[in-house]
Amino acid sequence: MDQISKQILFSRDEIQKRVREIASQISKDYAGRELVVIGILKGAFIFMADLVRELSVPCKVDFVRVASYGAGSESSGKVVMTKDIETSIKGRDILIVEDIVDSGLTLQYLVNWLKERNPHSLKICVFLDKRKRRKVSFEADYAGFTIDDGFVVGYGLDFDEQFRFFPDVYIIEQ
Ligand code: PRP
């Protein structure tokens, strides 16, 4: 990381505050219900862990692994599911949790995949909404932060599998 120029974009304190706000909104929206929260590996693991611990509604958790990026920073445009959920979601209230939406292809693919299993409802919560490179029309139901463009790492987000563990989010120049 020392060789790469980096700038802090969102501090851990800002992130914690925003996660609490989103969790509070979700808890209000789902009051009296039980959620099935589905995280998209790997990037969502930290955001999801923080989010579910701030919810005041009960939830079950599951994960999918949907890969769309290669080793660099550009999306390949090809989405591949390598791990499916293990929970029955028919008739359930589903919240997909994702670290970042960029082209929108990953979430478009996953939403279609999950809707075929007839959930009662399906909403999407993203930590970062990156809007400039969108290839499909897509709006998250809950979004932590919005950025126009730029490559970000930390809080689960990687660059070539590095830097996911940073507690703060950085924007890097390559
Ligand atoms: C990243 C990110 C999202 C997806 C967003 O996943 O975590 O899942 O790309 O891009 P899109 O909106 O252009 O589809 P990646 O495939 O890099 O896997 P990772 O979660 O393991 O980092």
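Computed from a predicted model, the values in this text were never measured in an experiment.

Undergrad: Summarise the overall build of the protein; cite the residues concerned and give the values.
TA: Assigned secondary structure in the protein consists of three helices and nine strands. For a compact globule of 174 residues, the expected C-alpha radius of gyration is about 16 Å, and the protein comes in at 16 Å, within 12% of that figure. If you line up the protein on its principal axes, its C-alpha atoms span 50 × 35 × 25 Å. In the protein, of all internal contacts separated by at least 6 residues, the share reaching a separation of at least 24 is 66%. For the protein, the accessible area works out to roughly 8,800 Å², and carbon and sulfur atoms hold 48% of it. Where the 25 positive side-chain charges of the protein centre and where its 27 negative ones centre are 4 Å apart.

Undergrad: A description of the environment of Ser-27 should follow, citing residues and the corresponding values.
TA: Mapped onto the elements of the fold, Ser-27 is located in helix H1 (residues 12-29). C-alpha of Ser-27 to C-alpha of Glu-54: the two residues are 27 residues apart in sequence and 8.8 Å apart in space. Ignoring anything within four residues of it in the chain, the contact list for Ser-27 reads Glu-54, Leu-55, Ser-56 and Val-57. Within the local environment of Ser-27, its side chain forms a polar contact with the backbone oxygen of Ala-23, the two atoms lying 2.7 Å apart.

Undergrad: Help me get a handle on the nonpolar core, residues and values and all.
TA: Core analysis: the biggest nonpolar cluster contains 29 residues, and Ile-26, Phe-47, Leu-51, Val-97, Cys-125, Phe-127 and Leu-128 have the highest contact counts within it. Contributing elements (two or more residues each) for this core: H1, strand E2 (35-41), helix H2 (45-54), strand E5 (93-101), strand E6 (121-130) and strand E7 (142-147). Sorting elements by how many residues they give to this core places H1 first, with five residues. Here Phe-127 is in contact with Ile-15, Phe-47, Glu-98, Asp-99, Ala-143, Gly-144, Phe-145, Tyr-155, Leu-157 and Val-169, once residues within four sequence places are set aside. Val-66, Ile-89, Leu-110 and Phe-138 belong to the second-largest nonpolar core, a separate cluster that totals 23 residues.

Undergrad: Could you give an account of the site of the ligand, naming the residues involved and the relevant values?
TA: Glu-98, Asp-99, Asp-102, Ser-103 and Thr-106 are the nearest of the 20 residues found near the ligand. In the environment of the ligand, an oxygen atom lies 2.6 Å from a nitrogen or oxygen atom belonging to the side chain of Asp-99. A distance of 3.0 Å separates an oxygen atom of the ligand from a polar atom in the side chain of Arg-164. For the ligand, whose accessible area on its own is 490 Å², the fraction buried by protein is 96%. For the shell around the ligand, the elements supplying multiple residues, two or more each, are strand E3 (59-69), E5 and helix H3 (105-115). In terms of residue count, the dominant contributor to the shell around the ligand is E3 (five residues).

Undergrad: Residue-level account of the pairing of E6, with values.
TA: In terms of burial, E6 is largely enclosed, as nine of its ten residues are buried. Relative to E6, E5 runs parallel, the two being bridged by eight bridges. What sits directly across from Val-97, in E6, is Cys-125. This β-α-β element, E5 to H3 to E6, shows right-handed connectivity. Of the strand pairs in this sheet, E6 and E7 are connected by five bridges, and their pairing is parallel. In the strand pairing of E7, Leu-128 is matched with Phe-145.

Undergrad: Before we move on, can you summarise the environment of Gly-150 with the specific residues and values?
TA: Position of Gly-150 among the secondary structure elements: in the loop between E7 and strand E8 (151-153). On a C-alpha basis, the gap between Gly-150 and Gly-104 in space is 16 Å, while along the polypeptide they are 46 residues apart. Not counting residues up to four positions away in its chain, the partners in contact with Gly-150 are Lys-130 and Ile-171.

What counts and how
- Residues numbered from 1 in each chain as written.
- Predicted model: local features only at pLDDT ≥ 70, side-chain atom pairs only at ≥ 80, totals over all residues.
- Heavy atoms only, no water.
- Helix = DSSP H or I, 4+ residues; strand = E, 2+ residues; numbered from the N terminus.
- Rg over C-alpha atoms; globule rule 2.2 N^0.38 Å.
- Contact = heavy atoms within 4.5 Å.
- Areas by Shrake-Rupley, 256 points an atom, 1.4 Å probe, with all protein chains shown as cover.
- Lys, Arg positive; Asp, Glu negative; His and termini not counted.
- Charge placed at Lys NZ, Arg CZ, Asp CG, Glu CD.
- Polar contact = N/O pair within 3.5 Å; in protein donor to acceptor, adjacent residues only side chain to side chain.
- Core = buried A, V, L, I, M, F, W, Y, C linked by side-chain atoms within 4.5 Å.
- Buried < 20%, exposed > 50% of the residue type's maximum accessible area, 1.4 Å probe, protein only.
- Near = heavy atom within 4 Å.
- Pairing = 2+ DSSP bridges.
- Right-handed = clockwise from strand over helix to strand, strands pointing away.

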